[in-house]
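Residue-level structural notes
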Amino acid sequence: MENDTMAIIGPEFSVSAHTISQVAKELRVPLLSFSATDPTLSSLEFAYFVRTTQSDLCQMSAIADIVDYYEWRDVIAIYVEDDYGRNGVAVLVDKLAEKRCKILYKAPLSHNMSRFDIIHILSKIALMESRVLILHAYADLGLQVFDVAKDFGMLSAGFVWIATDWLSTELDAAFGLARSVIDGIEGVLTLRIYTPDSEIKRKFVSRWERLTDRKSASGSVGLNTYGLYDYDTVWLLAQAIDGLLTQGTGISFSSDPELTQLNGKSLCFNSVRIFNERNLLLKSILKVNLTGVTGKLKCNSDGCVVNPAYEVINVIGTGPRKIGYWSNYSGLSVVPPESQYSKPNDSSCSSQQVHGVVWPGQTTVKPRGWVYANEGKPLRISFRKPLFKEILNEAEGTGTYYGFCIDVFSAALDLLPYRIPYQMFPSIHGQYYPSGTELLHMVQMGDYDAAVGHFSITTDRMRMVDFTQPYTKSGLVVVAPIRKLNSSTWAFLRPFTPMLWCVTGEKTAANLSRFLLIVWLFVVLILNSTYTASLSSILTVEQLSSNIKGIESLLASNVPIGYQRGSFSGNYLVNELNIQRSRLVPLNSPEEFEKALISGPEKGGVAALVDERVYMELFLSTRCEFSIVGQDFMKIGWAFAFPRDSPLAVDMSTAILKLSENGELQRIRDKWLRQSACITQGGKQELERLPLQRFLGLFFICGSACFLALVVFFVAQVYQT
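Residues numbered from 1 in each chain as written. Predicted model: local features only at pLDDT ≥ 70, side-chain atom pairs only at ≥ 80, totals over all residues. Heavy atoms only, no water.

Considering the overall build of the protein
- Assigned secondary structure in the protein consists of 24 helices and 28 strands.
- Pairs at least 24 residues apart make up 70% of the contacts formed inside the protein by residues separated by at least 6 positions.
- Of the roughly 36,900 Å² of accessible surface on the protein, a fraction of 56% belongs to carbon and sulfur atoms. (Helix = DSSP H or I, 4+ residues; strand = E, 2+ residues; numbered from the N terminus. Contact = heavy atoms within 4.5 Å. Areas by Shrake-Rupley, 256 points an atom, 1.4 Å probe, with all protein chains shown as cover.)

Spelled out as structure tokens, the structure:
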């Protein structure tokens, strides 16, 4: 700065750039950085800072897109504990949150960390559930982490390692990594700043190789992307100065009175002079549109390069292999980013694509990214014992459980690619039986690891836990007593009105009448079909009747309503349907259901029950004097519950879908829930049998007509003789 400085290029690291940016800000000198990627370095804080490379804001967006593309949800971040590491991971947290992902654990590394310290950190990470590790560090520290991870078996099948661009920089620079190092990081993913292939780039690389060949006994020195950006940065600044001079702007320096007053001993502030045309130079820098070895290099008003893009690299035995690209315009793609800019922006999930990856352990099968790692402890599963043993029950004295819910849970566990030990705990606290919602709250608070059983999915409950895919459908229904109506002798006349019965007669003596009869046959055909359908409906409806027609009847009346104690149905009736709680009668067993319905409101019972269809179908299986009336008025499903953000909920949901697809779920349901005696074929026939008295009127008319015809016949015979 004592030598009339117009601008500064550098420094190499983000930590140093923070200090130099502060100096450049105070001395008002443009600072062009080709390798400081810390996203907090910006022109908003440092007015004279210009980044001529890509920010970690873009790199962390690319990593978040990769995590989301492979459907991982939890990751572990290992990073260097300085501004570069902390700020990069802070951005990663935000970008992952946009994809509904998160960092499960953060593991900071210090610069002077020993191998023993790294072993301690990785041994702790190895016991965690997530197997997706993001490594954001410097080359020397990062390679040391990989070396320890290899010895720990953490570069084997099942693990995912994503290194930021420090690894690709190390692979490209110097003389390349040793073969043993490459073998140790096989399967790792990393990013490389994308620089399109061009003639100017190929010529520059060729000149570089010839130049370094002559100066190095070990061969040419590798050239990484930061080296390319360094070269272009010099040209960008040169063009900016040239543009300034072309406009006729002079170059002058002057002393700053504020600096001369400092009189520092070691720092010669008296000798420092400020570039007078600094603001014009900064504007000229931002206007330059350079096509260099890195491609099109242009800075926006924020001092950052436009159109950031990365190559996605997979480290394999032969070295780095490009499997795709990432850009902030189109996301992940297998075609170069510049070919996407002319097309409509499409960064939807369906458009994302990369080539196949060789993962750690030399497998091409996508790792799950998560394992059940509860330090050997079995999963603590609680359940709420239902009213019906077909749903879930305990084999007395054995400590084992059976029923519909248990069979579904066990079948889903068998489909998981890992084994989960578990123990069942009934939700009994002393003499207190918690409700379903209270039990789910215990899962939320960590008292249990899961809840298995007949848990209906509701909005309030979803705020507490994560539910799996529903394994059965249900809904709230109304059950009421039914009575058989007395058979009507003249029921067969009800389908037609008296007027319609009169219209059906017609005189056919004349020829024209006979012609009209042909047309009338089509009318009779319609009348016959309609009469049959109407009569069938009348005869069926007349068999059974109830004063309660459905939930609308209950809302319009003031009769007492029964519900299952501990079920969500009680709160639903009060909060959603505005039924007074004083009308609700909690009941504890099927026997209480039956007694309350038989007694009715007049004898202290209830007019109807409101509960879930699955329960009511089991209740009605042996109680034909009651029936479901009306339609289901709330559609819900049963599911298993896990703590929020538990990967087990996702894996179990996938297993339940597989059970549904292969038909096993329906077979389990048929085994436990299709045992209704009142709707078996025999019982159905019994209900549908029609008594003689229903047709006495019809036989009376038929007999009367026959008798009348017989009398007329005899009278006619007597008259003729």
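A short note on the sheet that holds strand β5 (residues 102-109)
- Pairing is mixed across the open sheet formed by 8 strands, whose spatial order is β5-β4-β6-β7-β8-β13-β14-β15. The outermost strands of the open sheet, each flanked by one partner alone, are β5 and β15 (331-333). When strand polarity is set aside, the average angle formed by the axes of neighbouring strands in this sheet is 30°.
- Alignment of strand β13 (residues 309-316) against strand β14 (residues 319-327), held across 8 bridges, turns out to be antiparallel. Note on β14: the bridge partner recorded for Glu-311 is Tyr-325.
- Each of β4 (74-80), β6 (132-136), β7 (160-163), β8 (189-193), β13, β14 and β15 is contacted by helix α2 (residues 56-69), which is oriented at about 145° to β8, the strand it contacts most.
- Lying on the sheet, helix α3 (residues 83-98) is in contact with β4, β5 and β6; it crosses β4 at an angle near 165°. (Pairing = 2+ DSSP bridges. Axes fitted to C-alpha atoms, helices over the stretch in contact; angles between N-to-C directions.)

With respect to the confidence of the model for the protein
- On average, residues of the protein carry a pLDDT of 83, and 81% of them reach 70 or more.
- Taken element by element, the predicted model of the protein shows its lowest mean pLDDT in helix α23 (residues 681-688) (40) and its highest in β6 (97). (pLDDT = per-residue confidence, 0-100.)

Focus: the environment of Ser-156
- Tracing the chain through its elements places Ser-156 in the loop between α5 (139-151) and β7.
- Separated by 206 residues in sequence, Ser-156 and Gln-362 have C-alpha atoms that sit 8.2 Å apart.
- Excluding anything up to four places from it in sequence, Ser-156 contacts Pro-360 and Gly-361.

Points about the packing of aromatic side chains
- Applying the stated criterion across every chain yields a total of 24 aromatic pairs.
- Between Tyr-70 and Trp-359, the ring centres sit 5.1 Å apart and the planes meet at 85°, which makes this aromatic pair edge-to-face. Taken together, the positions of Tyr-70 in the loop between α2 and β4 and Trp-359 in the loop between β15 and β16 (379-383) put the pair 289 residues apart, joining distant regions of the chain. Of the two residues examined, Tyr-70 and Trp-359, each falls in the buried class.
- With 5.3 Å between their ring centres and 80° between their planes, Tyr-194 and Tyr-325 make a pair best called edge-to-face. One end of the pair, Tyr-194, is in the loop between β8 and α8 (199-215); the other, Tyr-325, is in strand β14, and 131 residues separate them in sequence.
- The class for Tyr-194 is buried, based on a relative accessible area of 10%. (Phe/Tyr/Trp six-rings, centres within 6.5 Å; stacked < 30°, edge-to-face > 60°. Buried < 20%, exposed > 50% of the residue type's maximum accessible area, 1.4 Å probe, protein only.)

Some remarks on α2
- Under the 1.5 Å per step criterion, the end-to-end length of α2 is 19 Å for 14 residues, consistent within 8% with the ideal 20 Å.
- When you tally the buried positions in α2, you get 12 out of 14 residues, the bulk of the element.
- Structurally, the start of α2 carries an N-cap: the backbone nitrogen of Leu-57 is 3.0 Å from a side-chain oxygen of Ser-55. (Expected span 1.5 Å × (residues − 1). Polar contact = N/O pair within 3.5 Å; in protein donor to acceptor, adjacent residues only side chain to side chain.)

So, the pattern of salt bridges
- A full pass over the atoms with the stated rule returns 25 salt bridges.
- A salt bridge links Arg-115 to Asp-147; the shortest N-O distance between them is 2.7 Å. Taken together, the residues Arg-115 in helix α4 (residues 115-125) and Asp-147 in helix α5 connect sequence positions 32 residues apart.
- By relative accessible area, Asp-147 is classed as partly exposed at 37%.
- Note that Arg-613 is salt-bridged to Glu-617, the shortest N-O span being 3.3 Å. (Salt bridge = Lys/Arg side-chain N within 4 Å of Asp/Glu carboxyl O.)

As for unusual backbone geometry
- A cis geometry characterises the amide bond from Gly-10 onward to Pro-11, with omega recorded as -5°.
- Mapping Pro-11 onto the fold places it in the loop between β1 (8-9) and α1 (14-27).
- Positioned with a positive phi, Asp-645 is a non-glycine residue whose angle comes to about 65°.
- Its location among the elements puts Asp-645 in the loop between β28 (626-642) and α21 (647-661).

Re the side chain of Thr-233
- By the element assignment, Thr-233 lies in helix α9 (residues 225-246).
- Polar side-chain contacts of Thr-233 include one of 2.6 Å to the backbone oxygen of Tyr-229.
- Once you skip the residues sitting within four places of it in the chain, Thr-233 turns out to touch Ile-9, Leu-32, Phe-34 and Thr-52.

Here we look at the packing of α4 against α5
- At their nearest, the axes of α4 and α5 sit 10 Å apart, and the two run at 60° to each other. The orientation of α4 relative to α5 falls into the category oblique. Seen from above, α4 lies across α5 with right-handed handedness. Contacts between α4 and α5 pair Arg-115, Ile-118, Ile-119 and Leu-122 from the former with Leu-141, Gln-144, Val-145, Asp-147, Val-148, Ala-149 and Asp-151 from the latter. (Parallel < 35°, antiparallel > 145°, perpendicular 65-115°, else oblique. Left-handed = near helix turned anticlockwise from the far one by under 90°.)

Quick look at the sheet that holds β1
- Taking strand neighbours across the sheet as the criterion, the 3 strands line up as β1-β2-β3 in an open arrangement whose pairing is parallel. For this open sheet the edge positions go to β1 and β3 (49-51), each flanked by a neighbour on one side alone.
- Relative to β3, strand β2 (residues 31-33) runs parallel, the two being bridged by 3 bridges. Its bridge partner lying in β3, Leu-32 is registered against Val-50.

Points about the nonpolar core
- Counting 55 residues, the largest nonpolar core has Ile-63, Ile-66, Val-67, Leu-96, Ile-162, Leu-281 and Ile-285 as its most contacted members.
- Counting residues per element, this core draws most heavily on α2, at 7 residues.
- Beyond its immediate chain neighbours, meaning those up to four positions away, Ile-66 contacts Trp-72, Ile-162, Leu-189, Leu-191, Val-312 and Leu-332.
- One finds Ile-406, Val-477, Ala-596 and Phe-626 within the second-largest nonpolar core, a separate group that totals 52 residues. (Core = buried A, V, L, I, M, F, W, Y, C linked by side-chain atoms within 4.5 Å.)

What to know about the environment of Ile-598
- Among the structural elements, Ile-598 can be located in helix α19 (residues 590-599).
- Since its relative accessible area comes to 57%, Ile-598 is described here as exposed.

A word on the packing of α9 against helix α11 (residues 278-287)
- Put simply, α9 and α11 touch, their axes get as near as 8 Å, and they point 120° apart. If you check the angle between α9 and α11, you find them oblique. Remark: the crossing between α9 and α11 carries right-handed chirality. Within the contact between the two elements, α9 uses Leu-236, Leu-237, Ala-240, Ile-241 and Leu-244 and α11 uses Leu-280, Leu-281, Ser-284 and Ile-285.
- Each residue belonging to the contact of α9 with α11 can be placed in one class, and the counts come to 8 nonpolar, 1 polar and no charged. (Nonpolar A, V, L, I, M, F, W, Y, C, P; charged D, E, K, R; others polar.)

Structural notes on the environment of Gly-453
- Among the secondary structure elements, Gly-453 is positioned in strand β20 (residues 450-456).
- Using a relative accessible area of 0% as the deciding quantity, one classes Gly-453 as buried.
- C-alpha of Gly-453 to C-alpha of Phe-640: the two residues are 187 residues apart in sequence and 6.5 Å apart in space.
- Setting aside anything within four residues of it in sequence, one finds Gly-453 in contact with Leu-392, Cys-405, Tyr-471, Ala-639 and Phe-640.

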